[in-house]
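# Notes for the structure review
What follows is each chain in one-letter form.
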Amino acid sequence: MPDRPDSLDTLLDANRRWAADMESRKPGFFTRLARQQSPRYMWIGCADSRVPANEITGLDPGEVFVHRNVANVVVHSDLNALSTIQFAVEHLKVEHIMVVGHYGCAGVRAAMRGLRVGLADNWLRHVQDVRLRHRKRIEHLPPAQQEDVLCEMNVIEQVGNVALSTVMQDAWSRGQKVSIHGWVYGLKDGLLKDLGVTMQGPGEVVEVFARALKRYPRAAAAALAAADEDDDPGHGAP
Ligand code: CO
């Protein structure tokens, strides 16, 4: 049998050390997990190697159910994502689903700049749709800020898509307690930011969405707000 490449031996060695360390810190850990998983959380994130769900939230194996794809998109006809969400909600009974984007996302950048990257162009069309839908809230910003805002808006849109899925609508109509959250992760500081778009039931979707959008004013509203801030107090801006 040919030798395995050195780099893979390194990984397999690291795995043996990790498993031994885990078992010594938590005796019976793997035996318990092998019988059953009961995560409270589901993570829908970008496939980017720099955003590993467990590590950045300090969670062990068994604690978070994960679905990742390019640019953390939830499409109404994507049976892969929908099946994963259904399994998480109906069988594992997760209590929280977090859609997690990240600043500096290459998929979002390609969608923002209209770059062609290959097959993924068709997938990223969904992110371009988000950009087009909200272009008046995005295009007046400086380029670097546009990409950050699109990262956030993409998360907000995907939170809405999860909420409007039949899986979530059915779960909520059964009275199941499961909420959806929108977060964005900073590659530069390793910190997660809550975008404040938590949805806990079907009646909240429209209101949460509308409230979130207000944080991204259109050009005219942004200019007014800036003028307000610049005004000398006492000179009474209109
Ligand atoms: Co990404």
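What you see is a predicted model; the values in this text were computed from it and never measured. (Residues numbered from 1 in each chain as written. Predicted model: local features only at pLDDT ≥ 70, side-chain atom pairs only at ≥ 80, totals over all residues.)

### Notes on the overall build of the protein
Helix and strand content of the protein: 11 helices and five strands. When the backbone C-alpha atoms are referred to their principal axes, the protein occupies close to 75 × 45 × 40 Å. Out of the 238 residues in the protein, the part that is buried amounts to 30%. Relative to all contacts within the protein whose residues are 6 or more apart in sequence, the contacts with residues 24 or more apart total 66%. (Helix = DSSP H or I, 4+ residues; strand = E, 2+ residues; numbered from the N terminus. Buried ≥ 20, exposed ≤ 12 C-beta atoms within 10 Å, placed from the backbone. Contact = placed C-beta atoms within 7 Å.)

### Looking at unusual backbone geometry
For residues besides glycine, phi is generally negative; the peptide bonds are generally trans as well. Its identity as a non-glycine residue notwithstanding, Asn 72 has a phi of 40 degrees, on the positive side. Looking at where Asn 72 falls in the secondary structure, it is placed in the loop between strand 2 (64-69) and helix 4 (79-91). Asn 72 gets classed as buried once you count the C-beta atoms within 10 Å, which come to 31. Even without being a glycine, Lys 93 presents a positive backbone phi close to 55 degrees. On the secondary structure map, Lys 93 appears in the loop between helix 4 and strand 3 (96-102).

### A closer look at the pairing of strand 1 (residues 41-46)
Taking burial as the measure, the six residues of strand 1 include five buried ones, the bulk of the element. The pairing of strand 1 with strand 2 spans six bridges and is parallel. Paired with Ile 44 across the strands is His 67, a residue of strand 2. Pairing between strand 1 and strand 3: five bridges, direction parallel. Looking across to strand 3, one finds that Ile 44 is bridged to Val 99. (Pairing = 2+ DSSP bridges.)

### Concerning the nonpolar core
Ranked by internal contacts, the top residues of the largest apolar core, which has 52 residues, are Met 42, Ile 97, Val 99, Val 108, Val 159 and Val 162. No other element matches helix 8 (residues 143-164), which puts eight residues into this core. With sequence-adjacent residues up to four places away left out, Val 159 is seen in contact with Val 99, Ile 180, Gly 182, Val 197 and Met 199. (Core = buried A, V, L, I, M, F, W, Y, C linked by C-beta atoms within 7 Å.)

### A word on the packing of helix 6 (residues 120-133) against helix 8
Two elements in contact, helix 6 and helix 8, have axes whose closest approach is 10 Å; the angle formed by their N-to-C orientations is 105 degrees. Our classification of the angle between helix 6 and helix 8 gives roughly perpendicular. Together, Val 127, Val 130 and Arg 131 of helix 6 and Leu 150, Met 153, Asn 154 and Glu 157 of helix 8 make up the contact between the two elements. For the contact of helix 6 with helix 8, the residue count by class is four nonpolar, one polar and two charged. (Axes fitted to C-alpha atoms, helices over the stretch in contact; angles between N-to-C directions. Parallel < 35°, antiparallel > 145°, perpendicular 65-115°, else oblique. Nonpolar A, V, L, I, M, F, W, Y, C, P; charged D, E, K, R; others polar.)

### Digging into the sheet that holds strand 3
The five strands lie next to each other as 2-1-3-4-5, forming an open sheet whose pairing is mixed. Because the sheet does not close on itself, it has two edges, and the strands there are strand 2 and strand 5 (192-194). Direction aside, the axes of adjacent strands within the sheet are offset by 25 degrees on average. Note: strand 3 against strand 4 (residues 179-185), seven bridges, orientation parallel. Following the sheet pairing, Val 99 is matched in strand 4 by Gly 182. Contacts from helix 8 reach strand 3 and strand 4 within the one sheet, and its direction differs from that of strand 3 by about 155 degrees.

### Observations concerning the domain arrangement of the protein
One can read the domain layout of the protein as domain 1 (1-31) and domain 2 (39-231). Spacing between the C-alpha centres of domain 1 and domain 2 amounts to 34 Å. (Domains from an automatic or database assignment.)

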